[in-house]
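Next come the chains, spelled out residue by residue.
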Amino acid sequence: VKLAISGATAREQYLILDLAIGTGKLRRVLWGLDRLSFRKPAGAVSSREGDFPMHLYRRGLRTHPIYLLSLDTLGLSMKVLRGAGHRDLETLNAWHTLHRFGEDRVLADWRRRGEIVDRIHRDPTQRYASRLSQMQQSFRANVLSLVAAHPEIRFDFFFPPYSILSFLSDLRTWEGAVAERRAYKAFVVSSLAAYP
């Protein structure tokens, strides 16, 4: 089952995986460890599409009425009834169905981001700092805790690929960004090395 959550925080990934593990049927997990998912505090969840539905990640009968009476659920259901929203789980949160890709698009986005970064650098109140310790804490709480608690499950981890322009954008934004990326990856690899 593909369980994609667009822009998911590490805690959101933990919650859905913990729920799947609770079924007792999970045997293997393929998990992309995107560093951006770990840049928020360990317990952070998103509220960009309404209140985060924490009740959906709890087991028990109370979940159903809360879900059915939710205004967020009603709003999403109305979208689907009007022909909008997602009807196919295979294309849920898949960008290839929503956007056109190509070199011209990449370069236009590169120029646009460069203008934004230049504007930020002119603002003396904008300062960048490493979030490595926060990323490590989030990784321990949201990934390592599940791996350690469930030796019966095979976990396969990967780092999602990024364009070279993403690295250049990081360098243009903050000189410590690439070092933070490398340190995050090294921490993840060394932490997971203790497990089969």
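Quick caveat, the model's predicted, so the values are computed rather than measured. (Residues numbered from 1 in each chain as written. Predicted model: local features only at pLDDT ≥ 70, side-chain atom pairs only at ≥ 80, totals over all residues. Heavy atoms only, no water.)

### Let's talk about the packing of aromatic side chains
One pass over the full model with this rule turns up 6 aromatic pairs. Taking the centre distance of 6.2 Å and the plane angle of 70° together, the rings of phenylalanine 159 and tyrosine 184 count as edge-to-face. Residue phenylalanine 159 is found in the loop between strand E2 (154-158) and helix H6 (164-173), and its partner tyrosine 184 is found in helix H7 (residues 177-192); the two are separated by 25 residues along the sequence. According to the relative accessible area criterion, tyrosine 184 is buried, its value standing at 2%. Here the aromatic cluster, defined as three or more aromatic residues joined through ring pairs, consists of Phe38, Phe139, Phe159, Tyr184 and Phe187. Residue placement shows arginine 181 over the ring face of tyrosine 162; its charged tip is 4.8 Å from the ring centre. Just above the ring of phenylalanine 167 sits the side chain of arginine 181; from NZ or CZ to the centre is 3.9 Å. (Phe/Tyr/Trp six-rings, centres within 6.5 Å; stacked < 30°, edge-to-face > 60°. Helix = DSSP H or I, 4+ residues; strand = E, 2+ residues; numbered from the N terminus. Buried < 20%, exposed > 50% of the residue type's maximum accessible area, 1.4 Å probe, protein only. Lys NZ or Arg CZ within 6 Å of the ring centre and 35° of its normal.)

### Digging into the packing of helix H1 (residues 10-21) against helix H5 (residues 132-149)
Where H1 contacts H5, the axes come no closer than 10 Å and their chain directions differ by 15°. In terms of orientation, H1 and H5 fall into the roughly parallel class. Where H1 crosses over H5, the two elements pack in a sense that is left-handed. Between H1 and H5, the contacting residues are Ala10, Arg11, Tyr14, Leu17, Asp18 and Ile21 on the first element and Ser138, Ala141, Asn142, Ser145 and Leu146 on the second. In terms of residue class, the contact of H1 with H5 is made up of 6 nonpolar, 3 polar and 2 charged. (Axes fitted to C-alpha atoms, helices over the stretch in contact; angles between N-to-C directions. Parallel < 35°, antiparallel > 145°, perpendicular 65-115°, else oblique. Left-handed = near helix turned anticlockwise from the far one by under 90°. Contact = heavy atoms within 4.5 Å. Nonpolar A, V, L, I, M, F, W, Y, C, P; charged D, E, K, R; others polar.)

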